[in-house]
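Observations on chain architecture
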Amino acid sequence: MSIAAIEQARVAPGALRRPILSALVVARNEEHQLADCLSRLRFADEVVVVLDRCDDASPEIARQFTERVIEGAWEREGERRNAGIAACRGDWVLEIDADERVGPELAAEIAAVIARSPADWHLIRVDNYIGGRLVRWGWGASFGRSAHAGLFRRGNKRWGEGRVHPAIALSGSQGPTLGAPLAHHVDRNISDMLHRLDRYTSARARDLRDSGDIGSLAHNLRRIVSRFWKCYVVRRGYREGEWGFLIALCAALYPILSYLKARLESE
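Values in this document were obtained by computation on a predicted structure and should not be read as measured data. (Residues numbered from 1 in each chain as written. Predicted model: local features only at pLDDT ≥ 70, side-chain atom pairs only at ≥ 80, totals over all residues. Heavy atoms only, no water.)

1. Some words on the nonpolar core
Threshold: Remark: nonpolar core denotes a set of buried residues (Ala, Val, Leu, Ile, Met, Phe, Trp, Tyr, Cys) joined through side-chain atoms within 4.5 Å. In this scheme, a residue with accessible area under 20% of its type's maximum is buried, one over 50% is exposed, and one in between is partly exposed, where area comes from a 1.4 Å probe on protein chains only. A helix here means a DSSP run of H or I that spans at least four residues, while a strand means a run of E at least two residues long, and both kinds are numbered starting from the N terminus. It only takes one pair of heavy atoms within 4.5 Å for two residues to be counted as in contact.
Counting residues in each nonpolar core, the largest one holds 31 residues, and the members touching the most others are L41, L94 and L151. Listed by contribution, the elements that provide at least two residues to this core are β1 (21-27), α2 (34-39), β2 (46-52), α3 (58-63), β4 (92-97), α5 (104-116) and β11 (178-187). Tallying contributions element by element places α5 first for this core, with 5 residues. Beyond its immediate sequence surroundings of up to four residues, L94 is in contact with L21, S22, A23, L24, L41, F43, V102, I110, I124, G150 and L151. The next biggest cluster of nonpolar side chains, apart from the first, holds 16 residues, and it includes F143, V164, A248 and Y254.

Below, the structure written as structure tokens:
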């Protein structure tokens, strides 16, 4: 949608001002996921796609759905996401990833919420899939999420500096969590999950080295137990059987592997 079209949509003749929704997708080399993701966002007034150092067909795919494609190179996760938010022109922003899908029920709820909500941001529940299996329990501790602040008024969310799982700063008031879930296709299989653990811990190790404080072996050994307990018991991963055990194990290993990479490897 053009700037002129957005302004016209905001104030239709004889109508109250209508909130404008921008859908934001930030991706890197997601040619296998991007089309399916973007095809579900046609209900938004504009779609903004930020592509970070892509060397696959992602740019061509993105331009089939929107003219608002921004290509660049960002070292840190927060930087590229903030660039995407800054490029959005709507009153509200729906921020999702290429491996996430907005279903019709969620799309309708988002439209209804932005039309009447006095709040500044809302959590969206997430249904996480490994392959074709829905895994509801046990996510957390930096290895998954059961909900995230994906719907917010422009200007009320900012990402921090980290390379992986950067902190999020939210301002204003929180509204009710949306009822319809976002479908998140986390990993295709166990091998994908382990490759993700490797990527995440390498990025986290760089953040630790940059901070000048990588922590201690003893502290990170203790975190193996606390993080496993959090995912498997507190977040009820045991309800997923062996899948819950696997998620808890990966979450437990995340800090110690990050520490060891920061300690033993060079850039």
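2. Quick notes on the state of the cysteines
By definition, a disulfide links the sulfur atoms of two cysteine residues through a covalent bond. Worth spelling out the cut-off: Here, a disulfide means two cysteine sulfur atoms that sit within 2.5 Å of each other.
Taken as a whole and judged by the stated rule, the model has 0 disulfides. Cysteine C54 is unpaired, with the sulfur of C37 as its nearest cysteine sulfur at 13 Å. For C54, a relative accessible area of 19% corresponds to the buried category. Here C250 stays unpaired: no disulfide links it, and the sulfur of C231, its closest cysteine neighbor, is 9.8 Å away.

3. A closer look at α5
Think of an α-helix as turning once every 3.6 residues; residues three or four places apart then point the same way. Operational definition: To estimate the expected span of a helix, count its residues, drop one, and scale the result by 1.5 Å. By arc we mean the arc of the directions from the helix axis to the C-beta atoms, nothing more.
Helix length check: α5 (13 residues) gives 19 Å between terminal C-alpha atoms against 18 Å at 1.5 Å per residue, within 8%. Listing the buried residues of α5 in full gives L106, A107, I110, V113 and I114. Within α5, the buried residues cover an arc of 130° as seen down the axis, which keeps them to one side. Away from the buried face of α5 by more than 90 degrees, exposed residues P104, E105, A115 and R116 are located.

4. With respect to the packing of helix α7 (residues 217-234) against helix α8 (residues 242-264)
What counts here: All axes here are fitted lines through C-alpha atoms, helices being fitted over the stretch that makes contact, and every angle between N-to-C directions spans 0 to 180 degrees. Here the word oblique covers every angle except those under 35 degrees (roughly parallel), over 145 (roughly antiparallel) and from 65 to 115 (roughly perpendicular). Crossing handedness: left-handed means the near helix sits turned counterclockwise from the far one by under a right angle, and right-handed means the same turn made clockwise. For this classification, Asp, Glu, Lys and Arg are treated as charged, while Ala, Val, Leu, Ile, Met, Phe, Trp, Tyr, Cys and Pro are nonpolar and the rest, including Gly, are polar.
Two elements in contact, α7 and α8, have axes separated by 8 Å at closest approach and are oriented at 160°. Here α8 runs roughly antiparallel to α7, going by the angle between their axes. Two packed elements cross with a definite hand, and for α7 against α8 that hand is right-handed. On α8, the residues touching L217, N220, L221, R223, I224, R227, F228, C231 and Y232 of α7 are G244, F245, A248, L249, A251, A252, Y254, P255, I256 and Y259. Its residues placed into classes, the contact of α7 with α8 shows 15 nonpolar, 2 polar and 2 charged.

5. Some points on unusual backbone geometry
The phi dihedral of N29 falls on the positive side, at around 50°, and the residue is not glycine. Relative to the helices and strands, N29 resides in the loop between β1 and α2. The class for N29 is partly exposed, based on a relative accessible area of 31%. Of note in this structure, H165 is not a glycine but carries a positive phi near 50°. Residue placement: H165 occurs in the loop between β9 (157-159) and β10 (168-170). For H165, a relative accessible area of 39% corresponds to the partly exposed category.

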